[in-house]
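Structural overview for review
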Amino acid sequence: MSTITTEAAVFGYTTLEQTWPEFEAKILTFLGKLGLADKALHCDHVALRVNSIAAADALKQAFSARGRIISDNQINGRTILIIELDKPLKLGSFSIDCVELPYPGDTLYPQEGWEHIELVLPSTAQDCDGLSQELAQLSPSLVPLLQGQAASLTEAPIKVKFSSPKGDKERLANPTIAFKQADVCIKIHPHSIKAVIASEQD
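Residues numbered from 1 in each chain as written. Predicted model: local features only at pLDDT ≥ 70, side-chain atom pairs only at ≥ 80, totals over all residues. Heavy atoms only, no water.

Estimates place the volume of the second largest pocket at around 410 Å³. In terms of lining residues, the second largest pocket is bounded by 18 residues, among which Q111, E112, W114, E115 and D183 are the most central. Elements with a minimum of two residues in the lining of the second largest pocket: α1 (13–34), β5 (113–120) and β8 (184–189). Ranked by residues supplied to the lining of the second largest pocket, first place goes to α1 with five residues. Considered class by class, the residues forming the lining of the second largest pocket number eight nonpolar, four polar and six charged. (1 Å grid on protein atoms, 1.4 Å probe; cavity = no way out; pocket = protein on both sides within 12 Å on 5 of 7 lines; lining within 4 Å. Points joined across faces, edges and corners; volume = space filled by probe spheres on them. Helix = DSSP H or I, 4+ residues; strand = E, 2+ residues; numbered from the N terminus. Nonpolar A, V, L, I, M, F, W, Y, C, P; charged D, E, K, R; others polar.)

Evaluated as defined, the whole model comprises seven salt bridges. Residue R68 is joined to E84 by a salt bridge in which the shortest nitrogen-to-oxygen separation is 3.1 Å. With R68 in strand β2 (residues 67–75) and E84 in strand β3 (residues 78–91), this residue pair connects regions lying 16 residues apart in the sequence. On the accessibility criterion, R68 (51% relative accessible area) is exposed. On the basis of relative accessibility, which here comes to 18%, the residue E84 falls in the buried class. (Salt bridge = Lys/Arg side-chain N within 4 Å of Asp/Glu carboxyl O. Buried < 20%, exposed > 50% of the residue type's maximum accessible area, 1.4 Å probe, protein only.)

Glancing now at the packing of aromatic side chains. Scanning all chains against the criterion turns up four aromatic pairs. Measuring from ring centre to ring centre gives 5.6 Å for W20 and F23, while their planes differ by 45 degrees; the resulting arrangement is tilted. Here W20 and its partner F23 are both found in helix α1, three residues apart, which amounts to about one turn of the helix. Taking 4.8 Å as the distance between ring centres and 75 degrees as the angle between the ring planes, the aromatic pair formed by W20 and W114 counts as edge-to-face. Residue W20 is located in helix α1, and its partner W114 is located in strand β5; the two are separated by 94 residues in the primary sequence. The same class applies to W20 as to W114, namely buried. Through successive ring pairs, a cluster of aromatic residues spans W20, F23 and W114. Across from the ring centre of Y13, 3.8 Å away, lies the NZ or CZ of R66, which sits over that ring. (Phe/Tyr/Trp six-rings, centres within 6.5 Å; stacked < 30°, edge-to-face > 60°. Lys NZ or Arg CZ within 6 Å of the ring centre and 35° of its normal.)

Attention now goes to the side chain of D44. Relative to the helices and strands, D44 is located in strand β1 (residues 42–49). Within the buried core, D44 has no salt-bridge partner, and the shortest N-O distance to an opposite charge, that of K194, equals 9.3 Å. Reaching out from D44, the side chain makes a polar contact with the side chain of H45 at a distance of 3.2 Å. Dropping the residues within four chain positions of it, D44 is found in contact with I96, D97, C98, E118, L119, V120, H189, H191, S192 and I193. (Lys, Arg positive; Asp, Glu negative; His and termini not counted. Polar contact = N/O pair within 3.5 Å; in protein donor to acceptor, adjacent residues only side chain to side chain. Contact = heavy atoms within 4.5 Å.)

By the criterion of burial, β8 is predominantly enclosed, with six of the six residues buried. Burial of the side chains of β8 extends over both faces: V184, I186 and I188 are buried on one face and C185, K187 and H189 on the other. Two elements, strand β7 (residues 176–181) and β8, share five bridges in a ladder whose sense is antiparallel. Among the inter-strand pairings, A178 is bridged to a residue of β8, identified as K187. With antiparallel pairing between neighbouring strands as the criterion, β7 and β8 make up a hairpin whose turn holds two residues, including A182 at a positive phi of roughly 55 degrees. (Pairing = 2+ DSSP bridges.)

Let us now look at the sheet that holds strand β6 (residues 159–163). Taken in spatial order, the eight strands line up as β2-β3-β4-β1-β5-β8-β7-β6 in an open sheet, and their pairing is mixed. Looking at strand neighbours, the two that pair on one side only are β2 and β6, the edges of this open sheet. Ignoring strand direction, the axes of neighbouring strands in this sheet form an average angle of 25 degrees. Here β1 runs beside β5; their pairing, made up of seven bridges, is antiparallel. Its bridge partner being in β5, H45 is matched across the sheet by E118. (Axes fitted to C-alpha atoms, helices over the stretch in contact; angles between N-to-C directions.)

Encoded structure:
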């Protein structure tokens, strides 16, 4: 087992193990609120957030001992690692075989650790408008949210963000729709992270 460095001892792999059940419960509850729990979507990866290079380096070491780095890319000016796990993480009925580990940028996160999961809605959509239309067909209850009418639908506001993050070498359009409530976030995009990585080789 990899050793977490003293500098990053406050936050490391052990903390991730301990906080996984709470993260899992929050994600599953949020999936239900969004009406996506029964849509048989594939969860291609889970993402972390850290505030120090020391913590990122320690987690890189820890996860590398449990898998292999399949992508080391620059996105919006910072390093993003994708680690394929030897043993997938279990989250409800999902089997998640990749972890996204972003190195810190300019944003200081109020809480380090598990940050969001990403779901794949197979689609040929080239932009967020196209993906939004297909998502609305899959789950009509999301239409008000997608149209910016979230405030009256829930006890706490659900924020919706449309983006098209792209690595320096990527050639595959992968528009993303993110739903966030408090500290829980679920993102949806048309292509799996492995497909996006493969596009870098083309």
